[in-house]
Amino acid sequence: MFGDSRSRFSEFCKGLIVGNEIKAKRETKWTTAFDLRTAYFVLLVVMTLPVLFLIPRTVDLVNHWARLTILTMPASDPLNAFYVVQWGAFPNLGIDLIYVALAPLLSPESVARLAFILAFWLPAVGAWALHRAWAQEPSPTILIAPVLSYNLVTTVGLINFGLGIGVALIALAWWIAQTHRQIARDLLVMNAVAVTLFFCHILALAAFCVIFGLLEATPRPGEPLKPAFLRALRSPLYVAAGLALVWSMPQLPQGYVIASDKSWIVIAPFFGGLPLDHKWGLGLLVLLLAVMRFIAIATPAKLTVFGFFVVAVCAPSSLSTANLVDARLVVLWVYLALAATVARVPTPGRLAGAVSIAVFAFALVRLALLIPTWSAYNADIVELRTAFSAIPTGSSVLAVAPPDCRDPNIYFEHNLSTFAAIDRRAQVNMLFAGQGLQPVRAKDPAIAAAPQVIVNSDWLSASGQSKLMADAPVPWIDIMSRWRDHFDVVVDIHGSCESTIAATGLERVARSNIADIYIAERPR
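What counts, and where the lines are drawn
Residues numbered from 1 in each chain as written. Predicted model: local features only at pLDDT ≥ 70, side-chain atom pairs only at ≥ 80, totals over all residues. Heavy atoms only, no water. Helix = DSSP H or I, 4+ residues; strand = E, 2+ residues; numbered from the N terminus. Contact = heavy atoms within 4.5 Å. Areas by Shrake-Rupley, 256 points an atom, 1.4 Å probe, with all protein chains shown as cover. Axes fitted to C-alpha atoms, helices over the stretch in contact; angles between N-to-C directions. Parallel < 35°, antiparallel > 145°, perpendicular 65-115°, else oblique. Left-handed = near helix turned anticlockwise from the far one by under 90°. Core = buried A, V, L, I, M, F, W, Y, C linked by side-chain atoms within 4.5 Å. Buried < 20%, exposed > 50% of the residue type's maximum accessible area, 1.4 Å probe, protein only. Disulfide = S-S within 2.5 Å. Phe/Tyr/Trp six-rings, centres within 6.5 Å; stacked < 30°, edge-to-face > 60°. Lys NZ or Arg CZ within 6 Å of the ring centre and 35° of its normal. Salt bridge = Lys/Arg side-chain N within 4 Å of Asp/Glu carboxyl O. Pairing = 2+ DSSP bridges. Nonpolar A, V, L, I, M, F, W, Y, C, P; charged D, E, K, R; others polar. Polar contact = N/O pair within 3.5 Å; in protein donor to acceptor, adjacent residues only side chain to side chain.

1. So, the overall build of the protein
Here's step 1: Within the protein, the secondary structure is distributed over 22 helices and twelve strands.
Here's step 2: For the protein, long-range pairs separated by at least 24 residues make up 79% of all intrachain contacts whose partners lie at least 6 apart in sequence.
Here's step 3: Counting every atom, the protein has about 23100 Å² of accessible surface; 66% of that belongs to carbon and sulfur.

2. Thoughts on the packing of helix H15 (residues 302-314) against helix H16 (residues 325-340)
Here's step 1: Interaxial distance between H15 and H16 falls to 9 Å at its minimum, and their mutual angle equals 170°. Taken together, the axis directions place H15 and H16 in an arrangement best described as roughly antiparallel. Of the two possible hands of crossing, H15 and H16 adopt the one that is left-handed. Here Thr 304, Val 305, Phe 308, Phe 309 and Ala 312 of H15 come into contact with H16, specifically with Asp 326, Leu 329, Val 330, Leu 332, Trp 333, Leu 336, Ala 337 and Ala 340.

3. Considering the nonpolar core
Looking at soluble globular proteins, one finds that nonpolar side chains tend to be buried together.
Here's step 1: Core analysis: the largest hydrophobic core is formed by 172 residues, its most contacted members being Leu 460 and Met 480.
Here's step 2: In this structure, Leu 460 is in contact with Leu 398, Val 400, Gln 465, Met 480, Trp 483, Val 490, Ile 501, Ala 503 and Leu 506, ignoring residues within four places of it in sequence.

4. Observations regarding the state of the cysteines
Here's step 1: Taken as a whole and assessed by the stated rule, the structure comprises one disulfide.
Here's step 2: Here Cys 405 is linked by a disulfide to Cys 497, with a sulfur-sulfur distance of 1.9 Å. The chirality of the disulfide connecting Cys 405 with Cys 497 is right-handed, given an S-S dihedral of about 85°. Highlighted residues: Cys 405 in the loop between strand E6 (396-401) and helix H18 (410-413) and Cys 497 in the loop between strand E10 (489-493) and strand E11 (506-511), separated in sequence by 92 residues.

5. Remarks on the packing of aromatic side chains
Here's step 1: Within this structure, the stated rule accounts for 17 aromatic pairs.
Here's step 2: Where Phe 208 meets Phe 212, the ring centres are 6.1 Å apart and the plane angle is 15°; that geometry is what we call stacked. Taken together, the residues span about one helical turn, with Phe 208 and Phe 212 both in helix H10 (residues 202-217) at a distance of four residues.
Here's step 3: Overall, the relative accessible area of 0% leaves Phe 208 in the buried class.
Here's step 4: Owing to a relative accessible area of 1%, Phe 212 belongs among the buried residues under this scheme.
Here's step 5: Pairing Phe 212 with Tyr 238 gives two aromatic rings, centres 5.8 Å apart and planes at 65°, and the pair type is edge-to-face. Of the two residues, Phe 212 sits in helix H10 while Tyr 238 sits in the loop between helix H11 (225-234) and helix H12 (240-248), which places them 26 residues apart along the sequence.
Here's step 6: Residue Tyr 238 is classed as buried on the basis of its relative accessible area, which comes to 12%.
Here's step 7: Three or more aromatic residues link up through ring pairs in this structure, and these residues are Tyr 40, Phe 41, Trp 121 and Trp 128.
Here's step 8: Sitting over the face of the ring of Phe 161, Arg 328 holds its NZ or CZ atom 5.9 Å from the ring centroid.
Here's step 9: Residue placement shows Arg 366 over the ring face of Trp 280; its charged tip is 4.3 Å from the ring centre.

6. Quick word on helix H3 (residues 61-71)
Here's step 1: Counting buried residues along H3, eleven of its eleven residues qualify, which places the element largely inside the surrounding structure.
Here's step 2: If you check which residues of H3 are buried, you get Leu 61, Val 62, Asn 63, His 64, Trp 65, Ala 66, Arg 67, Leu 68, Thr 69, Ile 70 and Leu 71.

7. A few points about unusual backbone geometry
Here's step 1: Of note in the backbone geometry, Leu 324 takes a positive phi value of approximately 55° without being a glycine.
Here's step 2: Residue Leu 324 is classed as buried on the basis of its relative accessible area, which comes to 8%.
Here's step 3: Unusually for a residue other than glycine, Asp 404 sits at a positive phi of about 60°.
Here's step 4: With respect to the helices and strands, Asp 404 occurs in the loop between E6 and H18.
Here's step 5: Of the residues examined, Asp 404 reaches a relative accessible area of 73% and is grouped as exposed.

8. Regarding the pattern of salt bridges
Here's step 1: Under the criterion given, the structure shown has 13 salt bridges.
Here's step 2: Note that Arg 366 is salt-bridged to Asp 277, the shortest N-O span being 2.7 Å. A residue pair is termed long-range when its members are at least 10 positions apart, and Arg 366 in helix H17 (residues 351-387) and Asp 277 in helix H14 (residues 277-290) qualify at 89 residues. Side by side, Arg 366 and Asp 277 carry an identical accessibility label, which is buried.

9. Description of the pairing of E11
Here's step 1: The sheet contact formed by E11 and strand E12 (residues 515-520) spans five bridges and is antiparallel. Looking at E12, one finds that Glu 507 is bridged to Ile 519.
Here's step 2: Following E11, the chain reverses through three residues before pairing antiparallel with E12.

10. A few points about the packing of helix H5 (residues 108-134) against H16
Here's step 1: The contact between H5 and H16 brings their axes to 7 Å, and the two run at 35°. For H5 against H16, the interelement crossing comes out right-handed. Contacts from Pro 123, Ala 124, Ala 127, Leu 130, His 131 and Trp 134 in H5 reach Tyr 335, Leu 336, Leu 338, Ala 339 and Ala 340 in H16.
Here's step 2: Here the residues of the contact of H5 with H16 are counted per class, giving ten nonpolar, one polar and no charged.

11. Focus on the environment of His 131
Here's step 1: Along the chain, His 131 falls in helix H5.
Here's step 2: For His 131, a relative accessible area of 0% corresponds to the buried category.
Here's step 3: Separated by 211 residues in the primary sequence, His 131 and Val 342 have C-alpha atoms spaced 8.2 Å apart.

12. Structural notes on the pairing of E12
Here's step 1: A large share of E12 lies buried, amounting to five of its six residues.
Here's step 2: One ladder, built from five bridges, connects E10 with E12; its direction is antiparallel. Counterpart to Val 491 in the pairing with E12 is Ile 517.

13. Concerning the side chain of His 201
Here's step 1: Turning to its location among the elements, His 201 is positioned in the loop between helix H9 (183-200) and H10.
Here's step 2: Take His 201: its relative accessible area is 11%, and that puts it in the buried class.
Here's step 3: A polar contact of 3.3 Å, which involves the side chain of His 201, links it to the side chain of Arg 328.
Here's step 4: Sequence-distant contacts of His 201, that is, excluding residues within four places in its chain, are made with Asn 92, Asn 160, Phe 161 and Arg 328.

14. A closer look at the side chain of Asp 516
Here's step 1: Relative to the assigned elements, Asp 516 resides in strand E12.
Here's step 2: Of the polar contacts made by the side chain of Asp 516, one reaches the side chain of His 494; its length is 3.4 Å.
Here's step 3: Contacts of Asp 516, omitting those with residues within four sequence positions, involve Val 490, Val 491, Asp 492, His 494, Ser 499, Arg 508, Ala 510 and Arg 511.

The values reported here are purely geometric and, on their own, carry no functional implication.
Structure (structure tokens):
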């Protein structure tokens, strides 16, 4: 009896020793002479540098910045005549909540810049943490993640979704790294994550639930399918608080749908709206393919990576007022897939150095393409804000654009019209103030019901009213047929295209390189 006990105790001690040796060996591999971790975070810092000096060239960021100025406006602010702040338990509040927490310390511009930085730092940090949890030794391909910081999510300015996928990846890394399950702790932590994701972005919560379910459905080594199946059935309990918030949230507006193109999923991971974007992305893909024979997907991650890939590419491109749904999910999948890459054994000793040099070269090329374009964008902003000084304080601004304009930069310029709210405290039809999506509401019921999108400038004229009935989203037809009742300033964002405004009763009072500003006659 005692001999058996001593034998079992001896085996237990040997197991501890072997386990510690394996752990020590793994730690040694993660602190090799060539430290990939240092290279990874140096890359991330390098990619951050332009954001510290320039306003990021994104589609939506200035619009978020304008909304933040309303959240803490004093009683004397002219915008009080147009907007009301209404908080509630609804999603997509990430940047708004950050601003409210930091408003005593930071300006709306600083918070918008900080949120943009977090939108590509958090996913990159999450990818590294997840890679460490999955890989026995670091794979040089993980260095690609920081270089993809300027992707569709950050370039379009989908800041709340970017924050959400960062939180999701970090939480998944924590979950995988736990060697011992503690039900009470795990339920508390994961439900707190689910609630956080709900308030960051509802699509990030949905993606997290799918990935978490796939992780739990993955059988452990030597485990039969039944325990994995039971874990998958229990997985909703760990996100129940977030799901309860989804169930109780107010109904989202259904007045219009923004069309999206399925082809965006191909360029989403490296889309920067920059010259030679496609060629740069193709070169990065060639680099990845060149090292494919040295890497593989970690076994515990295979079901998750391949399963979520199917979900992402099969997701709809548009869902109610949300656009680029599938493309956003593909960006998350790329971070997930890079985190799951592991080096095959044996790995050539020079591979890490060669890949690092190549990735740093790609990063420098990326910045060489980015900085001149961002600089020109900032120059246009300076000129536009100067022209906006002609807008009377407390005006109501209608932002329009010429139809069929093929200027590739114009989509980055539409939301610059919201500088009228920042600088001139004016109402702007483009300002994000959607029901059930943001804490800011337009007081004018017609403007509140209409989409926050750029308007076809042809619709302003009497001859263009017939086009209005055929082309406009339904909520816009009523307001645009009587647009002078709601707006007294028109901002024509035409970019490098010719202005097509033909409406009478408009006096041009200022112009910039990308826009003209008109004062509209009020109906008598």
